2 protein chains.
Amino acid sequence: MRISQLSAESGVPIPTIKYYLREGLLPQGDQTSATRAEYGQEHLRRLRLIRALLEVGRLPVAAIRKVIAAVDDERIDFHDMLGTAHYALSTPVEPPPEDEDWREARELVDRMIAGLGWSVHPLAPTRDELAQSVVTLKRLGMPTSQEDLLPYASAALDLVRDLDITKIPFDGPRDVAVETLVICEVLYGKAFDVLRRLAQESESTRILGARPCPSGDTTR
Amino acid sequence: MRISQLSAESGVPIPTIKYYLREGLLPQGDQTSATRAEYGQEHLRRLRLIRALLEVGRLPVAAIRKVIAAVDDERIDFHDMLGTAHYALSTPVEPPPEDEDWREARELVDRMIAGLGWSVHPLAPTRDELAQSVVTLKRLGMPTSQEDLLPYASAALDLVRDLDITKIPFDGPRDVAVETLVICEVLYGKAFDVLRRLAQESESTRILGARPCPSGDTTR
DNA sequence: ATAATTGGATAGTAGAACTATCGAGTGATA
DNA sequence: TATCACTCGATAGTTCTACTATCCAATTAT
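Since we're looking at a predicted model, the values are computed, not measured.

1. Considerations on unusual backbone geometry
Residues and elements named next belong to chain B.
- With phi around 55 degrees, R58 is a residue other than glycine that occupies positive phi space.
- Along the chain, the position of R58 falls in the loop between α3 (41-56) and α4 (61-72).
- Even without a glycine there, the phi angle at E98 is positive, about 70 degrees.
- Counting through the fold element by element, E98 comes out in the loop between α5 (78-88) and α6 (100-116).

The structure is reproduced here in structure tokens:
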């Protein structure tokens, strides 16, 4: 398959494909001559993954590159690769040092994770991400305690147990496993987020007993 | 309070505050003379809301403006205001017309919402958002059925029932209610997302029986 | 022989979210 | 009263991200 066909099949314009090649998101094709390269199904597949992470997951290109680097790097072992992929998916947040609210929130998060017995790396950026939500909620006048978060935590664990983890072929080829993990994390995550918003619309409509019809336009 | 104090208390630089004023995110202060305006607690509060939606919710400024317009517009009624706020929070997606996969996905979504008995506006952009995830999962070789989504849907409903809706003072002043709804939707949504990723890290670590420690750096 | 396509390189663009500067008008201080 | 810091409002510039566009020499197809 040449680049024009790859473009036609994926719907991604040629200049964009070239951009992904430059950025290292897409591996080079099989160079058959100075001005010709051959692309295969794996390129199409990779391209679809990139577009999914970009369009549905709204991940920045730099994060996608890290995920892909983790998938492609044959040296690092399975578990480290999953970790790298996981951390590439988090939105980094740099807490202001010496901030009392932040310290407190981080402690709450750490205590909760420990209390739940979860195996989360002590330096996982995800911990700060959760602390950020806690701090922000407090500043907005809606302080959050561990008891407020625990039902969310156990619901999250149930979802992951029942639906994500069972779909990931941990015993299969490593690249397929990481790819599946990333897809589950991002796409099922998105799907759940949308379902939550749908549920919230439905419930608030029900509570107010009105018809679910805003007068304004429905575009963002 | 003058602008410099507003800046000091909120941590937002003065030029940025001016930018928010220009963009209509922040109401003008009380003009006491040609070159002086007075800001109050409500400005500080609004500024914190803006930053929360921006930094934690990653909402674009245009969406925040719509949310705020809904809160501030006294003409539209309570329920319509909630609807407007809701739809401003969704990420719009324009499905290619005449696409078979999309049609099918939208049908699945509509059937599921109807089957659950949820009160969701037929034109809610959220429906297409969910359809997008379904289409993308299919294209990535992980087709999704209603049965796959139902547990997610009921978990979402439980969460909203137990934690979000109970926190929203539907009987109080309308602006407080919408603001609370938005905060719940965005911040608890984010918190749950992080918890899900933490749970996933924990579970995949447990399944692989390894230490939760990637060799690479942990930054995005 | 000629037209189309490709790879590789370089440069340009659009949108988003700020950030900087300027000029004239206050208000507080010396 | 003079001065100086602060403010408003307007305009312009910056940075970052994700693309697009153009060009060229080298093929390859017709």
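Once you've had a look at it, read on.
2. Points about the interface of chain A and chain B
- Of the residues lining the interface, 98 residues belong to chain A; the matching set on chain B comes to 98 residues.
- At the surface where chain A touches chain B, the tally comes to eight salt bridges.
- Between R161 of chain B and E203 of chain A there is a salt bridge; the shortest N-O distance is 3.3 Å.
- The tally of links from chain A across to chain B stands at 20 residue pairs in polar contact (both at pLDDT 80 or more).
- Put simply, the parts of the chain that give the side of chain A that touches chain B at least two residues each are α3 (41-56), α4 (61-72), α5 (78-88), α6 (100-116), α7 (125-139), α8 (146-164) and α9 (174-208) of chain A.
- The element contributing the most residues to the side of chain A that touches chain B is α9 of chain A, with 26 residues.

3. What about the protein's contact with DNA strand D?
- DNA strand D sits among 26 residues. The nearest are R22, S33, L54 and P60 of chain A together with S4 of chain B.
- For DNA strand D, the fraction of protein-proximal atoms (within 4 Å) that sit in sugar or phosphate groups is 73%.
- Y20 of chain A places a polar side-chain atom, nitrogen or oxygen, 3.2 Å from a phosphate oxygen of DNA strand D.
- Classifying every residue of the surface near DNA strand D gives twelve nonpolar, seven polar and seven charged.

4. Focus on the side chain of E129 of chain A
- Within the secondary structure layout, E129 of chain A lies in helix α7.
- At a separation of 3.1 Å, a polar atom in the side chain of E129 of chain A contacts the side chain of K190 of chain B.
- Every residue in contact with E129 of chain A, bar those within four places of it in the chain, is listed here: S90, T91 and V93 of chain A together with K190, V194 and R197 of chain B.

5. A look at the protein's contact with DNA strand C
- Around DNA strand C, 26 residues are found, and the nearest of them are S4, K18 and A37 of chain A together with R22 and L54 of chain B.
- A share of 70% of the atoms of DNA strand C within 4 Å of the protein falls on sugar and phosphate groups.
- At 3.1 Å, a side-chain N or O of Y20 of chain B approaches a phosphate oxygen of DNA strand C.
- Between a phosphate oxygen of DNA strand C and a main-chain N or O atom of V61 of chain B, the distance comes to 3.2 Å.
- Sorting the residues of the surface near DNA strand C by element identifies α1 (3-10), α2 (14-23) and β2 (36-38) of chain A together with α2 (14-23) and α3 of chain B as the ones contributing at least two each.
- No other element matches the five residues that α2 of chain B contributes to the surface near DNA strand C.
- Residue classes in the surface near DNA strand C are distributed as twelve nonpolar, seven polar and seven charged.

6. Quick word on the relation of the copies chain A and chain B
- Least-squares fitting of chain A to chain B yields an RMSD of 0.0 Å, with the superposition described by an axial translation of 0.0 Å and a rotation of 180 degrees. Taken together, the rotation and translation relating the two chain copies correspond to the operation of a two-fold axis. The rotation axis passes nearest to the C-alpha of A155 of chain A in chain A, at a distance of 3.5 Å.
- Take the interface residues of chain A: 100% of them recur as interface residues in chain B, which is what a same-surface contact looks like.

Parameters at a glance
- Residues numbered from 1 in each chain as written.
- Chains lettered and ligands numbered in written order.
- Predicted model: local features only at pLDDT ≥ 70, side-chain atom pairs only at ≥ 80, totals over all residues.
- Heavy atoms only, no water.
- Helix = DSSP H or I, 4+ residues; strand = E, 2+ residues; numbered from the N terminus.
- Contact = heavy atoms within 4.5 Å.
- Salt bridge = Lys/Arg side-chain N within 4 Å of Asp/Glu carboxyl O.
- Polar contact = N/O pair within 3.5 Å; in protein donor to acceptor, adjacent residues only side chain to side chain.
- Near = heavy atom within 4 Å.
- Nonpolar A, V, L, I, M, F, W, Y, C, P; charged D, E, K, R; others polar.
- Least-squares fit on C-alpha atoms with pLDDT ≥ 70 in both.

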